[in-house]
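Each chain, letter by letter, is given below.
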Amino acid sequence: MELFEKLFGKLLLFVYHCFDRIVINGYLSGLSRPEQVVHFFRQILGVPMLSKEVFSQRTTDYQNWVEAFARNHKIPIEWAQKGVRKDDYVLPWLRRIRKKGSHGVYFIFKSMEQGPTFRISVPKYPTKDPNHRILAHQRSRFTHYYFYIYDQVLGPIVMRVASFLPFQSTYYLNGHSFIEQELNRSKVAFRKNDNAFLAIDDVAALQAAADRLSPLIIQKQLDYWTLILGPIFSQRERKQMNLSRFYAIGQIEYCRNFIFKRNFPIHKIFERSCEIGLWRLTANRISELFGVRLTKQLRGKLGTVIDQIEHGHHVFRAYWKNAFLKQYEKFSIFLRNELCSNNLCDFGLKKGLEHLNAVRDKFLAITDRFAGLQAQWLNVHVDFPLLQRIALPITIGSVHYAGIKIHETRIIRLLEVLLHGGNSLGGWTAKHIHQVVLESFQLSQKAYGLNQLRYDLRKLKGHGLLERDGSRYAYCLTTKGIQVALLFLFFHKRLCGPLANSRFHHRPDASNQPRSKLEAAYHKADTAIQDIVDLLAAA
């Protein structure tokens, strides 16, 4: 991470890391096992025999309470429609409650989904107790309620409650929403879009707010909303049985965010990271990133892919067991490295919410190693497809200009004359340039005619490499044209030419080479090419 900031610090505005999406499952400790359910109904409620009707009555009571709660508080309650994203649908109501400056439930969705329940069956053989029934875990389809809440501490959260025993609940929250609430209370100005901070007055306050998200804060708010919106249990029932919730982390994401000053470097860095990641992030490297040894007993995915979520939006993923590292860019200046886990046991961590700080430390170290490894790979010349761009034809208005290829002999000759001619050639006409090209390369009028020259000048002018001297038909290279001409000539004469000669005509003796840095560099390049040839032959 330090290496990444050292190499690209001049391009960055700020960096921060925090929890992103967190999914927490809430289990009723006293009603999670069949024997506990039997004890609750028979010993506490005094129900002699368990049946589907007994369970259904608790479900009906809770559903009626939810309908009355929505009606009394004037909260819209609707069935979820297939193909409609819930978060997008409720966005107008979220904006409305934010504008009012109030907090609480602002929307309720109903959805038919599968969830854990209990199956009641009569024993195959008669027992001494005629009311004895067998309870077993099963999954069935029934109504779930999604409560959309704007919390004063955690910001927008979603609480899903199953309407059937054992009334399992699921909570969806985002670390960025908690940070937003903290910054608003501290009166720190910032600009946030979706789940990303793009500008802030105090970066230290941003990171401090991210680090303040703790298990105690989360559990306090979840207990509050569960008591208000969850199934109702009387004081007598709570005294005689443990009906508190146990919170376990179901899914968690930890992200490291880089905010750049402009779009160009972030796009090139991301493209280069994807290319290098697919080639160099092997199974052994992935295991090193996650801090484990690679063995044959490894279960789950192990590999790298590039997903195209939507047009122009790509995500690089490195999978390991039930977790994955992903990197993507958004909002033109935002680059994110994110670690997502669906099973904390893969990391040797416990799922209980009280172990959230241990998750932060573990995930922070992994994302740090990922950023450092990418920084090492990116510490090279960034790929700039100049030759590819110039080789493509362009259209300006209604005028079409052909591309310029680096291997075109006519263009190389023309650029050499224009470049070596200096300022004296700046005001020369096409006829004068043509005469100099013919004399310099001993060409005839038939080999290179004046119309051919004018065609080449037109291409150079269309690509911005040549310009006219005012309104006169006299030409000179632009600043970009001088740089492109130097690149073309250096490639052919100073780099490609000597190396090609040493490969096919004469290979200089390395033991008697002159004391020249340039000649030493040629020898190194020649040796490297020979090594590549030998490796390819061996393969």
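Small disclaimer: the values here were computed from a predicted structure and weren't measured.

Quick notes on the rules
Residues numbered from 1 in each chain as written. Predicted model: local features only at pLDDT ≥ 70, side-chain atom pairs only at ≥ 80, totals over all residues. Heavy atoms only, no water. Helix = DSSP H or I, 4+ residues; strand = E, 2+ residues; numbered from the N terminus. Rg over C-alpha atoms; globule rule 2.2 N^0.38 Å. Buried < 20%, exposed > 50% of the residue type's maximum accessible area, 1.4 Å probe, protein only. Contact = heavy atoms within 4.5 Å. Areas by Shrake-Rupley, 256 points an atom, 1.4 Å probe, with all protein chains shown as cover. Lys, Arg positive; Asp, Glu negative; His and termini not counted. Charge placed at Lys NZ, Arg CZ, Asp CG, Glu CD. Phe/Tyr/Trp six-rings, centres within 6.5 Å; stacked < 30°, edge-to-face > 60°. Lys NZ or Arg CZ within 6 Å of the ring centre and 35° of its normal. Pairing = 2+ DSSP bridges. Polar contact = N/O pair within 3.5 Å; in protein donor to acceptor, adjacent residues only side chain to side chain.

Participant: When you look at the overall build of the chain in this model, what are you seeing that I'm missing?
Facilitator: Check the secondary structure of the chain and you find 18 helices and 18 strands. Scaling as 2.2 N^0.38, a compact globule of 539 residues should have a C-alpha radius of gyration of about 24 Å, whereas the chain reaches 35 Å, well beyond that. Its C-alpha atoms give the chain principal-axis dimensions of about 115 × 60 × 45 Å. A burial count over the chain gives 45% of its 539 residues as buried. Of the contacts formed within the chain by residues at least 6 apart in sequence, a portion of 67% connects residues at least 24 apart. Carbon and sulfur atoms make up 53% of the accessible area of the chain, which amounts to about 29,600 Å² in all. Averaging the coordinates of the 76 positive side-chain charges in the chain and doing the same for the 45 negative ones gives two points 3 Å apart.

Participant: Just to check I follow, could you spell out the packing of aromatic side chains for this structure?
Facilitator: Centre-to-centre distance and the angle between the planes together describe a pair of aromatic rings. Considering all chains together, one arrives at 28 aromatic pairs under this definition. A centroid spacing of 6.3 Å and a plane angle of 65° characterise the contact between Tyr62 and Phe167, whose relative ring orientation is edge-to-face. Placement of the pair is Tyr62 in helix H3 (residues 52-72) and Phe167 in the loop between strand S5 (155-162) and strand S6 (169-174), with a sequence separation of 105 residues. In terms of burial, Tyr62 and Phe167 fall into one category: buried. Measuring from centroid to centroid gives 6.3 Å for Tyr145 and Phe147, while their planes differ by 35°, and the two rings are tilted. By relative accessible area, which is 2% here, Tyr145 ends up buried. Take Phe147: its relative accessible area is 0%, and that puts it in the buried class. Among the aromatic residues, those joined into a ring-pair cluster are Phe40, Phe41, Phe55, Phe142, Phe164 and Phe233. One cation-aromatic arrangement involves Arg413 over Phe441; the distance from NZ or CZ to the ring centre is 5.7 Å.

Participant: Teacher, can you tell me more about the pairing of strand S18 (residues 474-477) here?
Facilitator: In this sheet, S18 lies alongside strand S16 (residues 428-429) in antiparallel orientation, the contact comprising two bridges. Paired with Trp428 across the two strands is Tyr475, which belongs to S18. With three bridges joining them, strand S17 (residues 466-468) and S18 adopt antiparallel strand pairing. Opposite Arg468, over in S18, you have Tyr475 as the bridge partner. The turn linking S17 back onto S18 is made up of five residues, and Gly470 within it adopts a positive phi angle of 65°.

Participant: When you look at the sheet that holds S17 in this model, what are you seeing that I'm missing?
Facilitator: Sheets are built from strands that pair by backbone hydrogen bonding, the pairs being arranged parallel or antiparallel. Spatial ordering of the open sheet is given by S16-S18-S17, a layout of three strands whose pairing is antiparallel. Because the sheet does not close on itself, it has two edges, and the strands there are S16 and S17.

Participant: Explanation requested: the environment of Tyr16 in the structure shown.
Facilitator: Structurally, Tyr16 is set in strand S1 (residues 12-28). Between the C-alpha atom of Tyr16 and that of Phe197, which follows or precedes it by 181 residues, the distance is 9.1 Å. Excluding anything up to four places from it in sequence, Tyr16 contacts His176, Ala196, Phe197, Leu206, Gln207, Cys255, Arg256, Asn257, Ile259, Phe334 and Arg336. At 3.1 Å, the side chain of Tyr16 forms a polar contact with the side chain of His176. At a separation of 3.1 Å, a polar atom in the side chain of Tyr16 contacts the main-chain amide nitrogen of Phe197.

Participant: Just to check I follow, could you spell out helix H2 (residues 34-44) for this structure?
Facilitator: Turning to H2, its buried residues are Pro34, Gln36, Val37, Phe40, Phe41 and Ile44. Of the surrounding secondary structure, the elements contacted by the buried residues of H2 are H3, strand S3 (104-121), strand S4 (134-151) and helix H9 (235-240). Just downstream of H2, Gly46 is the residue with a positive phi angle, here 75°.

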